[in-house]
Amino acid sequence: MLDVAIVGGSGYVGGELLRILLDHPECKITQVTSERFSRRSVTTLHPNLRDRTRLRFRSIDQLEKADVLFLCLPHGKAIGDIERFAELADTIIDCSADFRLRDSAWHKEWYDTYTDNPDYRSRFVYGLPELERENLRGARYISGVGCNATATNLALYPLANAGVIESVTVDIKVGSSEGGASASLSSHHPERAGVVRSFAPTGHRHQAEVIQELGLTREQLNFSATAIDMVRGILATSHVFLSEEVSNKDIFGMYRDAYKKEPFIRIIRDRAGVYRFPEPKILAGSNYCDIGWQVDEGSNRVVVVSALDNLMKGAAGSAVQSLNVAHGFDERAGLGFSGLHPV
């Protein structure tokens, strides 16, 4: 049984980690920190966990040794204190963006908050098991993933792996929880409700992870993000222009071969009904990514549609799945929730 501490547990990702790990057969949560809410019950921030835990937030200065640290801190904070955290736990999983990009210069180009630590940056493994499973086995340092990047990476990986992408334009639609638990003008309800707001037509920082993981170039990948009136979820619509003629049967073969053994990838092939294509609403709270596509007959375009819960497969769920891989646990441990319908 692993003793687990969550650093920065008052936010949405920290809350999801609590929910998952309370049911994890190989983990026991021993500490949760929050500077603002120190000494208060974690259920004051995460009321869905009432009667599930009696844990209270503590200050980060009170943090004691554990087997695993999950870091859920703002970008730029984990990398600044990584030596201290490394003294407290053998396994560190950082859910921020601090260690996602392997190249320091690449990180500096895409992120405003920048503090580097090349020694530790080189130790972190990107925490997306579908693409990095072998590197995650036995890993001590694991980075979190960008939620928009994950929806895109999983959607495009089979085509990128086959080398048939000439160019791709990805349109991301995201819910408000992607903005985090701290309110801002853009996330204030009167400003956020009812919107279809383009907030990153170009230059979204998660694009860097897609380029890194799939080996695409900036010229090949066009990436836009739009906020919509939804709390959880991402829908990624990828317009992929192929470099060679590929049939629908060929595409199915690529996705089947890439994902046939993946426990959290579901290929959607329904020919009729409301849910013929992936839909983030029915994935809320689950660690699944649903992927479907449609070939644009008479052109070299295939439209790939992927959906996931940004707080789960896009953050806390992938982090726990990576922990399971690193420690040789059942990869599904703690992650069996299938989502709800209707919601």
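A few points on the structure.

Thresholds, definitions, all that
Residues numbered from 1 in each chain as written. Predicted model: local features only at pLDDT ≥ 70, side-chain atom pairs only at ≥ 80, totals over all residues. Heavy atoms only, no water. Helix = DSSP H or I, 4+ residues; strand = E, 2+ residues; numbered from the N terminus. Rg over C-alpha atoms; globule rule 2.2 N^0.38 Å. Buried < 20%, exposed > 50% of the residue type's maximum accessible area, 1.4 Å probe, protein only. Contact = heavy atoms within 4.5 Å. Areas by Shrake-Rupley, 256 points an atom, 1.4 Å probe, with all protein chains shown as cover. Lys, Arg positive; Asp, Glu negative; His and termini not counted. Charge placed at Lys NZ, Arg CZ, Asp CG, Glu CD. Salt bridge = Lys/Arg side-chain N within 4 Å of Asp/Glu carboxyl O. Phe/Tyr/Trp six-rings, centres within 6.5 Å; stacked < 30°, edge-to-face > 60°. Lys NZ or Arg CZ within 6 Å of the ring centre and 35° of its normal. Pairing = 2+ DSSP bridges. Axes fitted to C-alpha atoms, helices over the stretch in contact; angles between N-to-C directions. Patch = residues over 30% accessible without salt bridge, like charges linked within 9 Å, V, L, I, M, F, W, Y side chains within 5 Å. Expected span 1.5 Å × (residues − 1).

This part takes up the overall build of the chain. In terms of helices and strands, the chain carries ten helices and 14 strands. Relative to the 2.2 N^0.38 estimate, which gives 20 Å for 343 residues, the radius of gyration of the chain is 20 Å and therefore close to what a compact globule would have. Overall, the chain is about 65 × 45 × 40 Å in size when its C-alpha atoms are taken along their principal axes. Within the chain, buried positions represent 55% of all 343 residues. The contacts in the chain between residues at least 6 apart in sequence include a share of 70% that link residues at least 24 apart. On the chain, roughly 15500 Å² of surface is accessible, and the fraction owed to carbon and sulfur atoms is 46%. Distance from the positive charge centre (39 side chains) to the negative charge centre (44 side chains) of the chain: 5 Å.

Now for the pattern of salt bridges. Within the structure shown, the criterion is met by 19 salt bridges. Here the salt bridges do not stand alone but share partners, grouping Glu16, Arg19, Arg232 and Asp309 into one network.

Moving on, we get to the packing of aromatic side chains. Taken as a whole and assessed by the stated rule, the structure comprises nine aromatic pairs. With a centroid separation of 6.4 Å and 40 degrees between ring planes, the pair formed by Phe252 and Trp293 is classed as tilted. Linking Phe252 in helix H9 (residues 248-259) with Trp293 in strand S13 (residues 289-295), this pair joins segments that are 41 residues apart in sequence. An aromatic cluster is built from Tyr157, Phe252, Tyr255, Tyr259 and Trp293, whose rings are joined through pairwise contacts. The ring of Tyr120 has Arg123 lying over it, and the distance from NZ or CZ to the ring centre is 4.1 Å. Its guanidinium or amino end placed over the ring of Tyr288, Arg266 lies 4.3 Å from that ring's centre, counting from NZ or CZ.

This part covers the sheet that holds strand S10 (residues 221-228). The sheet built from seven strands is open, its strands ordered S9-S10-S8-S11-S14-S13-S12 with mixed pairing. This sheet does not close on itself; its edge strands, each paired only once, are strand S9 (196-200) and strand S12 (265-267). Put simply, the sheet's adjacent strands are angled 25 degrees from each other on average, direction ignored. For strand S11 (residues 234-242) and strand S14 (residues 301-308), the ladder comprises eight bridges, and the chain directions are antiparallel. In the strand pairing of S14, His239 is matched with Val303. The strands touched by H9 within the sheet are S12, S13 and S14, with S13 carrying the most contacts at an inclination of about 165 degrees.

Together, Phe337, Leu340 and Val343 make up an exposed nonpolar region whose accessible area comes to about 280 Å². Residue position: Val343 is located in the segment after helix H10 (312-326). Residue classification places Val343 among the exposed residues on the basis of a relative accessible area of 58%.

What follows concerns unusual backbone geometry. Of note, the bond from His341 into Pro342 is cis; its omega dihedral lies within 30 degrees of zero at -5 degrees. Locating Pro342 in the fold gives a position in the segment after H10. One non-glycine residue, Arg39, lies in the positive phi region at around 80 degrees. Inspection of the secondary structure puts Arg39 in the loop between strand S2 (27-33) and strand S3 (57-58). Of the residues examined, Arg39 reaches a relative accessible area of 68% and is grouped as exposed.

Another aspect to go through is H9. For H9, spanning twelve residues, the distance from its first C-alpha to its last is 17 Å, which sits close to the expected 16 Å at 1.5 Å a residue. Of all the positions in H9, only Ile251, Gly253, Met254, Tyr255 and Tyr259 are classed as buried. Looking at the packing, one finds that the buried side of H9 touches helix H5 (129-136), helix H6 (147-162), S12, S13 and S14.

Read these as geometric descriptors, not functional statements.
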